[in-house]
Amino acid sequence: MQKLTSQAEWISRAQQVLPAGGFGNFDPGIVIARGEGSHVWDEDGNEYIDYLIGSGPMLLGHGHPEVMEAVLEQLPKGMTFFANNAKGIELAEAIVEAVPCCEQVRFVASGGEADMYAIRLARAYTGRDKILKFEGGYHGMSAEAQMSLAPDTRVNFPQAVPDSAGIPQGVADQMLIAPFNDLAAVETLLAGHNDVAAIMVEPLQRTILAEPGYLQGLRGLCDKYSVLLIFDEIVTGFRLAYGGAQERYGVTPDICTLGKIIGGGFPLAALGASTEIMQHFDKSIVGGDKWLMQLGTLSGNPIASVAGLKTMEILRRDGSYDRLRAIGKELQDMQSDALRAADIPHQICGDATLFDVFFTRGTCRDYRTAKHDNPQRNATYNATLRRQGIFKSPGKLYPSLALTKADLERTRHAVQEAVQSIYDE
């Protein structure tokens, strides 16, 4: 029998053909072979409980039978058309029904693409150029989004710091950067700049919760200064609640972006707003000078659309979000209880549906305070979890509805081992 390729061999092959040996997303030192339910297996056959879940989209777990059935029914009918299709239209209808700010949507293939078009749409609608975003906020890979995403050095606000080579200085000149959870700083910037098109914000910034009244305050400031409010709900949409952060917090933005869950694990994202704002995608209404050109080979792909529709249907069933929050709360408590018992300073930062541990005595309220007092503790903790069969990002934990009681008990044991590894240092 021919020997199967080992993980080490796959890693070596990747290093020959991929920059830094990976896709740019996650640790290239692990190669995933398959996923099923709440588990994934690497190319050496090692099994893990999956708390990465594809960076968010696999809220129902891998290979959910109902989603698979919908996809397999669509496959022989066609995989992509570059034309309108019924399933894409049905998905648009379902999104409009669910998300408060959406009267119309436009599909794209990725969350970063949706964020890029949301910025462009705000500029087209307002006729202004500047965008205000928050230090540490993630909005994809466009030039604007790469401003002050993860700056290594602190500079004075509102100076923008590029996080990538290849971005012209002119992009930075059109960006204003503010600290998250600071309404006074935002108002100072809006009062001093009359050319701001929009504020772009993650309602849950990475894992940093908006303080009570903060999102409502942003809405009020946008109304006061005639600025659009963009919610980046690529992560929070259909996760914090069926209607996303807009439903959870009771704040309606002017524009939002959606991704991950609405594609059911396939490449699909969208941006949505009122019909008035979205008409800038219709040249026959706004004319050539105000028209926002947008097209994409896979936009509204029927395979992704049926996967998203079925995923959303399952999430609408009674008790889905209560169960997700209960799972998340149990995961939060098991970590906090173990760390507290070992007298290890920490904070659980985020929402029950998306969070992580910060090894700090402080409060995580913005990019500069959401830091580990001892980064080595975080490295040790996550490395031990990996060895114990827990697959997660070093800065985020995604609960899913596929998790079982057995998964949670195994995770509890892994957490105890990880805490002990810190205690032993």
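This text goes with the structure placed above it.
The structure reproduced in this document is the subject of the present report. In every chain, residue numbers begin from 1 and rise along the written sequence. With pLDDT at 70 or above as the cut-off, local features in this predicted model cover only qualifying residues; side-chain atom pairs require 80 or more to be listed or tallied, and sums for whole chains, interfaces and linings still use all residues. Calculated side-chain values reflect all of the structure's heavy atoms, with hydrogen atoms and water omitted.

Our next topic: the pattern of salt bridges. A side-chain nitrogen of Lys or Arg and a carboxyl oxygen of Asp or Glu constitute a salt bridge if their distance falls within 4 Å. Overall, the coordinates contain 21 salt bridges when judged by the stated rule. In this structure, Lys77 and Glu73 form a salt bridge, with 3.7 Å as the shortest nitrogen-oxygen distance. In this structure, Glu409 and Arg412 form a salt bridge, with 3.5 Å as the shortest nitrogen-oxygen distance. Taken together, the positions of Glu409 and Arg412, both in helix H14 (residues 405–423) and 3 residues apart, correspond to about one turn of that helix. Residue classification places Arg412 among the partly exposed positions, given a relative accessible area of 26%. Taken together, the shared-partner salt bridges in this structure form one network comprising Glu66, Lys310, Glu313 and Arg317. Strands here are runs of E lasting at least two residues and helices are runs of H or I lasting at least four, both read from the DSSP assignment and numbered beginning at the N terminus. Three labels apply to residues, based on accessible area from a 1.4 Å probe with only protein chains included: buried if under 20% of the type maximum, exposed if over 50%, partly exposed otherwise in between.

What follows covers a nonpolar patch on the surface. Residues form patches when they are more than 30% accessible in relative terms and have no salt bridge. Like charges link within 9 Å. Nonpolar side chains (Val, Leu, Ile, Met, Phe, Trp, Tyr) link within 5 Å. Areas reported here follow the Shrake-Rupley algorithm with a probe of radius 1.4 Å; residue values treat only the protein chains shown as occluding. Nonpolar side chains collect at one region of the surface, where Met68, Leu72, Leu75 and Met79 lie side by side and expose about 380 Å² of accessible area between them. Here Leu72 is to be found in helix H2 (residues 65–74). Residue classification places Leu72 among the exposed residues on the basis of a relative accessible area of 53%.

The α-helix winds at 3.6 residues per turn, so residues separated by three or four positions along the chain end up facing the same way. All of the buried residues along helix H1 (residues 7–17) are Gln7, Ile11 and Ala14. All buried residues of H1 lie within an arc of 60 degrees about the axis, which places them on one face of the element. Away from its buried face by more than 90 degrees, H1 exposes Ala8, Gln16 and Val17. Should any heavy atoms of two residues lie within 4.5 Å, those residues are counted as being in contact. Contacts from the buried residues of H1 go to strand S2 (39–42). Directions are taken from the helix axis to each C-beta atom, and the arc is the one they span.

For the rest of this paragraph, the subject is the nonpolar core. Soluble globular proteins tend to pack their nonpolar side chains together in the buried interior. The biggest cluster of nonpolar side chains holds 60 residues, and the ones touching the most others in it are Ile95, Leu132, Phe134, Val186, Ile199 and Phe238. Those residues in contact with Val186 that sit more than four places away from it in its chain are Leu132, Phe134, Ala178, Ile199, Tyr214, Leu218 and Leu221. As used in this record, nonpolar core signifies buried Ala, Val, Leu, Ile, Met, Phe, Trp, Tyr and Cys residues forming a set joined through side-chain atoms within 4.5 Å.

Let's shift gears to the sheet that holds strand S5 (residues 130–134). Only strands that DSSP links by at least two bridges are regarded as paired with each other. Sheet architecture is open: 7 strands sit in the order S4-S12-S11-S10-S7-S5-S6, paired in mixed fashion. With one partner strand each, in any of the chains shown, strand S4 (104–108) and strand S6 (175–178) form the two edges of the open sheet. On average, adjacent strands in this sheet sit at an angle of 20 degrees to one another, irrespective of strand direction. Of the strand pairs in this sheet, strand S10 (residues 228–233) and strand S11 (residues 255–258) are connected by 4 bridges, and their pairing is parallel. Within S11, the residue paired with Glu233 across the bridge is Leu258. Against the sheet, helix H7 (residues 214–224) engages S5, strand S7 (196–201) and S10, with an angle of about 145 degrees to S10. An axis is simply a line fitted to the C-alpha atoms; with a helix, the fit covers only the stretch in contact. Between two such axes, the angle follows the N-to-C directions and lies from 0 to 180 degrees.

The strand order across the open sheet built from 4 strands is S1-S2-S3-S15, with neighbouring strands paired in mixed fashion. Of all the strands in the sheet, just strand S1 (32–36) and strand S15 (390–391) have a single pairing partner and so form its edges. Here strand S3 (residues 47–50) pairs with S15 via 2 bridges, running parallel. Directly across from Asp50, in S15, lies its bridge partner Phe391.

Note on aromatic pairs: the rings of Phe, Tyr and Trp (six-membered ring only in Trp) are paired at centre separations within 6.5 Å, and the planes decide the class, stacked below 30 degrees, edge-to-face beyond 60, tilted for the rest. Scanning the model with the defined rule gives 7 aromatic pairs in all. Geometrically, the ring pair formed by Tyr48 and Phe391 is tilted, given 5.9 Å between the ring centres and 50 degrees between the ring planes. In this pair, Tyr48 sits in strand S3 while Phe391 sits in strand S15, placing the two residues 343 residues apart along the sequence. Relative accessible area serves as the criterion here: at 8%, Tyr48 is assigned to the buried category. With a centroid separation of 5.1 Å and 70 degrees between ring planes, the pair formed by Phe180 and Tyr214 is classed as edge-to-face. Here the residue Phe180 occupies a position in the loop between S6 and helix H6 (183–192), and Tyr214 occupies one in helix H7, the gap between them amounting to 34 residues. An aromatic cluster is built from Phe26, Tyr48 and Phe391, whose rings are joined through pairwise contacts. Counting as a charge over the ring demands two things of the Lys NZ or Arg CZ atom: a distance within 6 Å of the ring centre and an angle within 35 degrees of the ring normal. The residue whose ring lies beneath Arg34 is Trp41, and the NZ or CZ to ring-centre distance is 3.8 Å.

Read these as geometric descriptors, not functional statements.
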